[in-house]
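Residue strings, one per chain:
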Amino acid sequence: VSFKNHTYPGPYSSSPGTSLPLSLSLSVCPQLTVLLIASAGAAVRFLVSATADSVAPLYVAAVVSGLTEVTPMISMAYLADIVTKREALAPAMAFMRGISEGFGIAVALPLSGLIADAYGIRVPFWVALAASVLSFALTYAFVPESLKVKTSFEWSDANMVTKYNHFCGASEEISPALKSLFLFNVAHAFVLTNFVNYFKYAFGWTVAESGLAFGK
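Our subject in this report is the structure included herewith. These figures come from a predicted structure and were not determined experimentally.

Attention now moves to helix α3 (residues 55–68). In this model, α3 (14 residues) spans 21 Å end to end at C-alpha, consistent with the 20 Å of a helix rising 1.5 Å per residue. Within α3 the residues assigned to the buried category are Ala 61, Ser 65, Gly 66 and Thr 68. Packing partners of the buried residues in α3 comprise α2 (31–51).

The following block contains the structure:
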């Protein structure tokens, strides 16, 4: 579900058809609103996960997260709107992804494993919930909307397969990049899903040990 909600940023980041669902995404909502919805969705997921007493709520939390988990890509679209010099766009995006997904994952995964081992498996969810609430508050208080004028929405713009084919057919350079991105996301999802369980049952690793290895 999360993979289907990626947004492809660039010079046309706010044009119809460049966003794949965070349901209706950019064509209906301003980017600031989408960022706030994403933070709220993460908070809901962490709250449900922290208080769940069975497997069913965890699946609900995962679906909510998948429908709203677009913060990195929306942030890149936001950068595409506010960075005026074309040559500065790629470095700005690389820096943002490096800080959020590189440094963030390198710190968050080991830390969450250590916290879970020391204080219980639910505590990292409460910490993540607090971080999501803080993110929502800071975004609301300090992040201005990048574009004031929004376009109308067509349901065809939310069809991932149609838009994927459109992008692949639009440029010979874009097609290999999108196919590579698709394969990377599929492989990455398998790693995220199976890493902790595999090392737990194969080698008897604790959550903290898996977190430290995953963070590296």
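Here we take up the side chain of Ser 49. Along the chain, Ser 49 falls in helix α2. When its relative accessible area of 9% is taken as the criterion, Ser 49 is described as buried.

So, on to the nonpolar core. Ranked by size, the top nonpolar core spans seven residues in total: Met 73, Met 76, Leu 79, Ala 80, Leu 89, Met 93 and Met 96. Elements with a contribution of two residues or more to this core: α4 (71–82) and α5 (86–119). The biggest single contributor to this core is α4, with four residues. Ignoring any residue separated from it by four or fewer positions in sequence, one finds Leu 89 in contact with Leu 79, Ala 80 and Val 83.

With that out of the way, let us pick up the side chain of Ser 75. Structurally, Ser 75 is set in helix α4. Residue classification places Ser 75 among the buried positions, given a relative accessible area of 16%. Excluding anything up to four places from it in sequence, Ser 75 contacts Leu 35 and Met 96.

Here α2 crosses helix α6 (residues 123–142) at 160 degrees, and the two axes come no closer than 8 Å. By the criterion of interaxial angle, the relationship of α2 to α6 is roughly antiparallel. The way α2 lies across α6 gives a crossing that is left-handed. Touching Leu 32, Leu 35, Leu 36, Ser 39, Ala 40, Ala 42, Ala 43, Phe 46, Leu 47, Ser 49, Ala 50 and Thr 51 of α2 are Phe 125, Trp 126, Ala 128, Leu 129, Ser 132, Ser 135, Phe 136, Thr 139 and Tyr 140, all from α6. Each residue belonging to the contact of α2 with α6 can be placed in one class, and the counts come to 15 nonpolar, six polar and no charged.

On to the packing of α2 against α3. Between α2 and α3, the least distance of the axes is 8 Å, while the angle of their chain directions is 170 degrees. It follows that α2 is roughly antiparallel to α3 by the angle criterion. Contacts from Ile 37, Ala 38, Gly 41, Ala 42, Val 44, Arg 45, Val 48 and Ser 49 of α2 reach α3 at Pro 57, Leu 58, Ala 61, Val 64, Ser 65 and Thr 68. Residues that form the contact of α2 with α3 fall into these classes: nine nonpolar, four polar and one charged.

This brings us to a nonpolar patch on the surface. Together, Phe 95, Ile 99, Phe 103, Val 107 and Leu 111 make up a nonpolar patch on the protein surface, roughly 520 Å² of accessible area in all. On the secondary structure map, Ile 99 appears in helix α5.

Procedures and definitions
Residues numbered from 1 in each chain as written. Predicted model: local features only at pLDDT ≥ 70, side-chain atom pairs only at ≥ 80, totals over all residues. Heavy atoms only, no water. Helix = DSSP H or I, 4+ residues; strand = E, 2+ residues; numbered from the N terminus. Expected span 1.5 Å × (residues − 1). Buried < 20%, exposed > 50% of the residue type's maximum accessible area, 1.4 Å probe, protein only. Contact = heavy atoms within 4.5 Å. Core = buried A, V, L, I, M, F, W, Y, C linked by side-chain atoms within 4.5 Å. Axes fitted to C-alpha atoms, helices over the stretch in contact; angles between N-to-C directions. Parallel < 35°, antiparallel > 145°, perpendicular 65-115°, else oblique. Left-handed = near helix turned anticlockwise from the far one by under 90°. Nonpolar A, V, L, I, M, F, W, Y, C, P; charged D, E, K, R; others polar. Patch = residues over 30% accessible without salt bridge, like charges linked within 9 Å, V, L, I, M, F, W, Y side chains within 5 Å. Areas by Shrake-Rupley, 256 points an atom, 1.4 Å probe, with all protein chains shown as cover. Salt bridge = Lys/Arg side-chain N within 4 Å of Asp/Glu carboxyl O.

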